[in-house]
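Reading the structure
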2 protein chains.
Amino acid sequence: MEAQFKQIASLIGDPTRAVIMWTLMDGKAFTATELAIAANTSAPNISMHLAKLVQAELLSVESQGRHRYYKFSREEIAYAIEAMTNLLPAANSRRKADSEDIPAIKQCRTCYDHLAGKLGVAVTDSMLKQRIIIERSNNFTLSSKGKQWFSGFGIDAELLQQQRRSFLRPCLDWSERRYHIAGSLAAALLDKILFEDWIRKSKNSRAVVITAKGQKSLYKYLQIIV
Amino acid sequence: MEAQFKQIASLIGDPTRAVIMWTLMDGKAFTATELAIAANTSAPNISMHLAKLVQAELLSVESQGRHRYYKFSREEIAYAIEAMTNLLPAANSRRKADSEDIPAIKQCRTCYDHLAGKLGVAVTDSMLKQRIIIERSNNFTLSSKGKQWFSGFGIDAELLQQQRRSFLRPCLDWSERRYHIAGSLAAALLDKILFEDWIRKSKNSRAVVITAKGQKSLYKYLQIIV
DNA sequence: GAAACACTTCATTTTGTATTGAACTATTAA
DNA sequence: TTAATAGTTCAATACAAAATGAAGTGTTTC
């Protein structure tokens, strides 16, 4: 077992593979070439690394014509990467002020399948304030008022709650050092506000931008001033 | 940020350091020599690796005379290692039947600060059956009956619930592929049953053995037949 | 106070594995 | 049918980082 853990650790541990995993936290599937660009390496090299990750069943591939799309094979992978990400800020708090610090990604971004960054935390704060969700000993639950709120939003919380996957859980934000909501409910919310064009994903980055419509709606529904 | 993630990944990724982290999942502090034995390497080498982990604030050291005790600097580290551990079974399901498979550690072991393995899952199952805890969409909550049960056990659940740290959460068991309870409540339970001598930790391993007293008590309180 | 122990530091060597370049397959476009 | 694109495979190379061995610090024990 220890040997197997070593294997997984060194699998994620390689810098190039770490970037692959980091990039895939976007939630969508990437082609080998896209990942090569993200990791700033050659095609043969990325191919080798992807092969290793697929063989270990950390990633899955899907061929579409001459493209091969890579993504996490299952949700747990994203959870693990997320957990590793959370180890970071404290480790670097004393370092030089980050030169690579991109404000955009701190403001508003996605975390695998849900909203994170300043906006993610703001949404969560507002929901707590309005008692849409209730916090208790590091756990969130949806209130009955919350069920109505989501329902008015076109999201059937009851239905999501019946599913096997995690419904609502706190996720520590690496830039804010505060919790935002994750789980199927948070994923459904992200889907919805993307569909409604409140926010738009930027290309090749997890950063998202808030539209004018989003600005208005975020104030209306959640009293968030962007 | 990506660069920092790379750093953390390669920090955990080295085989020797992976063993260090794995060993520390025991929850207690280890000396450099103990870790050198666990990782099967030399004193200078383990010292170098430990220095790196401490510098990254993944571990903390405490000097006691000529011994230096190393442990996780914070709870999140254990969570991340745990999350990584859970990626394993699927990754190896197709492999040769594990030759290194030690039954003892599958039966009953600790997972950082709480009970895991077959016994951990059995305890959780029994608690669910008795409605001491309630499961809902991948989350456990303590029932009022449960509060009494723990109280009768000398554990003040209310008090634990007020603390900042996670109170009760599911933790996926790598050997059983099923959930067992984790969080401060599960940690308090482990403390209690260790104190009551139901189980005993074995040296240099996360495996625990069930005592005769434990066998009786597990049946009495949780209807578990060992 | 000397010896044994626990651990670290430094300079050197080793080694595992990532990377590179060339050649190859398969798909799409012209 | 040819050319371009997307990706993989293989053998050779390069390199960063781990391991080693000798020497040093501080602590306990006899």
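Anything mentioned here points back to the structure above.
Now for a description of the structure that goes with this document.

Calculation notes
Residues numbered from 1 in each chain as written. Chains lettered and ligands numbered in written order. Predicted model: local features only at pLDDT ≥ 70, side-chain atom pairs only at ≥ 80, totals over all residues. Helix = DSSP H or I, 4+ residues; strand = E, 2+ residues; numbered from the N terminus. Rg over C-alpha atoms; globule rule 2.2 N^0.38 Å. Buried ≥ 20, exposed ≤ 12 C-beta atoms within 10 Å, placed from the backbone. Near = placed C-beta within 6 Å. Pairing = 2+ DSSP bridges. Axes fitted to C-alpha atoms, helices over the stretch in contact; angles between N-to-C directions. Parallel < 35°, antiparallel > 145°, perpendicular 65-115°, else oblique. Left-handed = near helix turned anticlockwise from the far one by under 90°. Contact = placed C-beta atoms within 7 Å. Least-squares fit on C-alpha atoms with pLDDT ≥ 70 in both.

Remarks on the overall build of chain A
Along its length, chain A carries 12 helices and 11 strands. What you see for chain A is a C-alpha radius of gyration of 19 Å, in line with the 17 Å of a compact globule of 226 residues. Its C-alpha atoms put chain A at 50 × 45 × 40 Å along the principal axes. A burial count over chain A gives 39% of its 226 residues as buried.

Observations concerning the protein's contact with DNA strand D
Around DNA strand D, 20 residues are found, and the nearest of them are A:Thr31, A:Thr33, A:Pro44, A:Ser47 and B:Gly65. Those elements that provide at least two residues to the surface near DNA strand D are helix H3 (32-39), helix H4 (43-55) and strand S3 (67-72) of chain A together with helix H4 (43-55) of chain B. Considering each element in turn, the surface near DNA strand D owes the most residues, 6 residues, to H4(A).

A look at the sheet that holds S3(A)
All names here are of chain A. The 3 strands lie next to each other as S1-S3-S2, forming an open sheet whose pairing is antiparallel. With partners counted over all chains shown, the strands left at the sheet margins are strand S1 (30-31) and strand S2 (59-64), one partner each. The pairing of S1 with S3 spans 2 bridges and is antiparallel. Its bridge partner being in S3, Thr31 is matched across the sheet by Tyr69.

Quick word on the packing of helix H2 (residues 15-24) of chain A against helix H1 (residues 2-13) of chain B
Two elements in contact, H2(A) and H1(B), have axes separated by 9 Å at closest approach and are oriented at 125 degrees. When the interaxial angle is binned, H2(A) and H1(B) end up oblique. For the pair H2(A) and H1(B), the crossing hand works out as right-handed. Across from A:Pro15, A:Ala18, A:Val19 and A:Trp22 in H2(A), the residues of H1(B) making contact are B:Glu2, B:Phe5, B:Lys6, B:Ala9 and B:Ser10.

Comments concerning the relation of the copies chain B and chain A
It takes a turn of 180 degrees to lay chain B on chain A, together with a shift of 0.0 Å along the axis; the resulting RMSD is 0.1 Å. The superposition of one copy onto the other is thereby described by a two-fold rotation axis. When each C-alpha of chain B is compared by its distance to the rotation axis, B:Gly13 comes out closest, at 1.9 Å. Comparing interface residues between copies, 98% of those in chain B also lie at the interface in chain A; the contact surface is shared.

Observations regarding the sheet that holds strand S1 (residues 30-31) of chain B
Residues and elements named next belong to chain B. Read across the sheet, 3 strands follow the order S1-S3-S2 without closing on themselves; strand pairing throughout is antiparallel. Of all the strands in the sheet, the pair left with one neighbour each is S1 and strand S2 (59-64). Where S2 and strand S3 (residues 67-72) come together, 6 bridges link them in antiparallel fashion. In the strand pairing of S3, Ser60 is matched with Lys71. Strand contacts of H4: S2 and S3, with the helix running at about 115 degrees to S2, the strand carrying the most contacts.

Quick look at the environment of A:Ile193
Residues and elements named next belong to chain A. Along the chain, the position of Ile193 falls in helix H11 (residues 184-195). On the basis of neighbour counts, which here come to 23 C-beta atoms within 10 Å, the residue Ile193 falls in the buried class. In this structure, Ile193 is in contact with Trp198, Ile199 and Gly214, ignoring residues within four places of it in sequence.

A few points about unusual backbone geometry
Residue and element names in this part refer to chain A. Despite not being glycine, Gln223 has its phi angle at roughly 55 degrees, a positive value. With respect to the helices, strands and loops of the structure, Gln223 is situated in the segment after helix H12 (212-222). For Gln223, a count of 12 C-beta atoms within 10 Å corresponds to the exposed category.

A few points about the interface of chain B and chain A
Between chain B and chain A, the residue contacts involve 41 residues of the former and 40 residues of the latter. Of all elements in the fold, only H1, helix H2 (15-24), helix H5 (75-85) and helix H6 (88-92) of chain B reach the threshold of two or more residues within the side of chain B that touches chain A. Here the side of chain B that touches chain A gets 10 residues from one element, more than from any other, and that element is H1(B).

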